[in-house]
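Okay, here's what each chain looks like letter by letter:
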Amino acid sequence: MMYEDWAIHTPEEIRGIAAAADILSRLFGELAPYVVAGMSTMELEERAEAFIRSEGAEPAFKGYRPPFENKTYPYTLCISIDDQVVHGLPAPARILQKGQIVSIDCGVRLAGMHADMAYTFAVGEIPPPLQRLLWVTERALERGIQQAQVGAPLGNIGHAIHTFVKSYTFAVSEQLTGHGVGRAMHMEPEVPNIGKAGKGPRLWENLVIAIEPMVQMGTARVRRGSDGWSVCTYDGKPAAHYEHTIVVEKNGPRVLTSFEPIHKALAHV
Ligand code: MF3
Ligand code: CO
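So, here is what we can say about the structure in this document.

Parameters and conventions
Residues numbered from 1 in each chain as written. Chains lettered and ligands numbered in written order. Predicted model: local features only at pLDDT ≥ 70, side-chain atom pairs only at ≥ 80, totals over all residues. Heavy atoms only, no water. Helix = DSSP H or I, 4+ residues; strand = E, 2+ residues; numbered from the N terminus. Rg over C-alpha atoms; globule rule 2.2 N^0.38 Å. Buried < 20%, exposed > 50% of the residue type's maximum accessible area, 1.4 Å probe, protein only. Areas by Shrake-Rupley, 256 points an atom, 1.4 Å probe, with all protein chains shown as cover. Lys, Arg positive; Asp, Glu negative; His and termini not counted. Charge placed at Lys NZ, Arg CZ, Asp CG, Glu CD. Contact = heavy atoms within 4.5 Å. Pairing = 2+ DSSP bridges. Axes fitted to C-alpha atoms, helices over the stretch in contact; angles between N-to-C directions. Donors = N, O, S within 2.8 Å, 3.2 Å for Na, K, Ca; no water. Tetrahedral: all angles 85-135°; square planar, octahedral: opposite > 155°, others 65-115°. Parallel < 35°, antiparallel > 145°, perpendicular 65-115°, else oblique. Left-handed = near helix turned anticlockwise from the far one by under 90°. Nonpolar A, V, L, I, M, F, W, Y, C, P; charged D, E, K, R; others polar. Salt bridge = Lys/Arg side-chain N within 4 Å of Asp/Glu carboxyl O.

### Comments concerning the overall build of the chain
Phase 1: In terms of regular secondary structure, the chain is built from five helices and 15 strands.
Phase 2: Its C-alpha radius of gyration of 17 Å places the chain within 12% of the 18 Å reference for a compact globule of 269 residues.
Phase 3: Taking the principal axes of its C-alpha atoms as reference, the chain extends roughly 45 × 45 × 40 Å.
Phase 4: Looking at the chain as a whole, 55% of its 269 residues qualify as buried.
Phase 5: With the model as given, the accessible surface of the chain reaches about 11,400 Å², and the carbon-plus-sulfur share is 52%.
Phase 6: Distance from the positive charge centre (25 side chains) to the negative charge centre (30 side chains) of the chain: 6 Å.

In structure tokens, the structure reads:
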């Protein structure tokens, strides 16, 4: 896959991406209390769109045709439950249930600049193996972010993510990757979750990328879901997904999106 241009941005553009990322970060705080058993995924969708528009921004996924599809995505959120890895569709009849893991993925556009983020929530209590899957995926994202240094080869990111995930006997798909982001939703470079240390193009100052490990408990293989959009694990085992938009700076990676899991705890009181 080749996107149109590289995600190297001017300081002014980066301020714009950071403003979009701030709205996106606060959106996750707004949604977290509603990620509970009995909630319709369509209600999450509606709340998300209303919040983004109230901030003067636009949902970046809605009406967007991803480069890997021939149709436009109809919603603000991707809501992927259990064995759905990414691109799950909100629907009125898709009601959250206790024990599920629910990835919410969203893009925000503000004054032409995009930010992208995902977080996987637990609905109520989940068994230890699922807790471990969420923990490993979030730590894998941190490991990947640490590798986003000026002058470092891109392959270091995927290498760090993949070796960490494999050490827990979990898997990542080659087909699902992170990407440059900013002036467009998807830009060069593609940011794979698998890589060779020391290989690939070198990261530049002011490169903005979305790093997004999608970690599968069983096989790395995926299949298309029956809804025509979602990507599911081939073996039906669960998957988790965390994503941040970051900028490569001289002093190291700066994370533009953020979400404190305290919100998750508050959702259950
Ligand atoms: N969530 C995907 C990503 O992070 C993009 C989804 S685009 C959509 O790259 F429009 F299909 F939702
Ligand atoms: Co993304």
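### A short note on the environment of Y3
Phase 1: Summarising the element assignment, Y3 is placed in the segment before α1 (11-31).
Phase 2: Overall, the relative accessible area of 9% leaves Y3 in the buried class.
Phase 3: For the pair Y3 and P66, spaced 63 residues apart in sequence, the C-alpha separation works out to 10 Å.
Phase 4: When neighbours within four sequence positions are excluded, Y3 is seen to be in contact with P67, H179, H186, M187, E188 and E190.

### Some thoughts on the sheet that holds strand β12 (residues 231-233)
Phase 1: The sheet built from three strands is open, its strands ordered β3-β12-β11 with antiparallel pairing. Pairing within the sheet leaves two strands with one partner each, and these edge strands are β3 (84-86) and β11 (222-224). Taking each pair of neighbouring strands and ignoring which way they run, the sheet shows an average axis angle of 45°.

### Description of the pairing of strand β9 (residues 208-211)
Phase 1: Of the two faces of β9, the one holding V208 and A210 and the one holding I209 and I211 are both buried throughout.
Phase 2: Pairing between β9 and strand β14 (residues 244-249): four bridges, direction antiparallel. What sits directly across from I211, in β14, is H244.

### What about the coordination of the cobalt ion (ligand 2)?
Phase 1: Within the protein, the atoms that donate to the cobalt ion (ligand 2) are D116 (OD), H179 (NE2), E212 (OE) and E243 (OE), at distances of 2.0 to 2.2 Å.
Phase 2: For the cobalt ion (ligand 2), the six donor atoms in the first shell make angles of 51 to 167° at the metal, a pattern classed as irregular.
Phase 3: Ordering the donors of the cobalt ion (ligand 2) by residue number gives the pattern D-x62-H-x32-E-x30-E. Of the two residues, H179 is situated in strand β7 (residues 178-180) and E243 in the loop between β13 (239-241) and β14; the sequence distance between them amounts to 64 residues.
Phase 4: Given a relative accessible area of 1%, H179 falls into the buried group.
Phase 5: Judged by relative accessible area, E243 falls into the buried class, the value being 0%.

### A look at the packing of α1 against helix α2 (residues 41-54)
Phase 1: For the pair α1 and α2, interaxial distance at closest approach is 10 Å and the crossing angle is 140°. On the basis of the axis angle, α1 is oblique to α2. The hand of the α1/α2 crossing is right-handed. Only L44, R47, A48, F51 and I52 of α2 make contact with α1, whose side of the interface consists of I23, R26, L27, E30 and L31.
Phase 2: Looking at the contact of α1 with α2 residue by residue, the class counts come to seven nonpolar, no polar and three charged.

### What to know about the pattern of salt bridges
Phase 1: Tallied over the full model, the rule gives 14 salt bridges.
Phase 2: With its nearest N and O atoms 3.0 Å apart, the salt bridge here joins E55 to R26. Taken together, the positions of E55 in the loop between α2 and β1 (58-59) and R26 in helix α1 put the pair 29 residues apart, joining distant regions of the chain.
Phase 3: With a shortest N-O distance of 2.9 Å, E49 and K62 are connected by a salt bridge. Pair noted here: E49 is in helix α2 and K62 is in the loop between β1 and β2 (77-81), with a separation of 13 residues, a long-range link.
Phase 4: Since its relative accessible area comes to 34%, K62 is described here as partly exposed.

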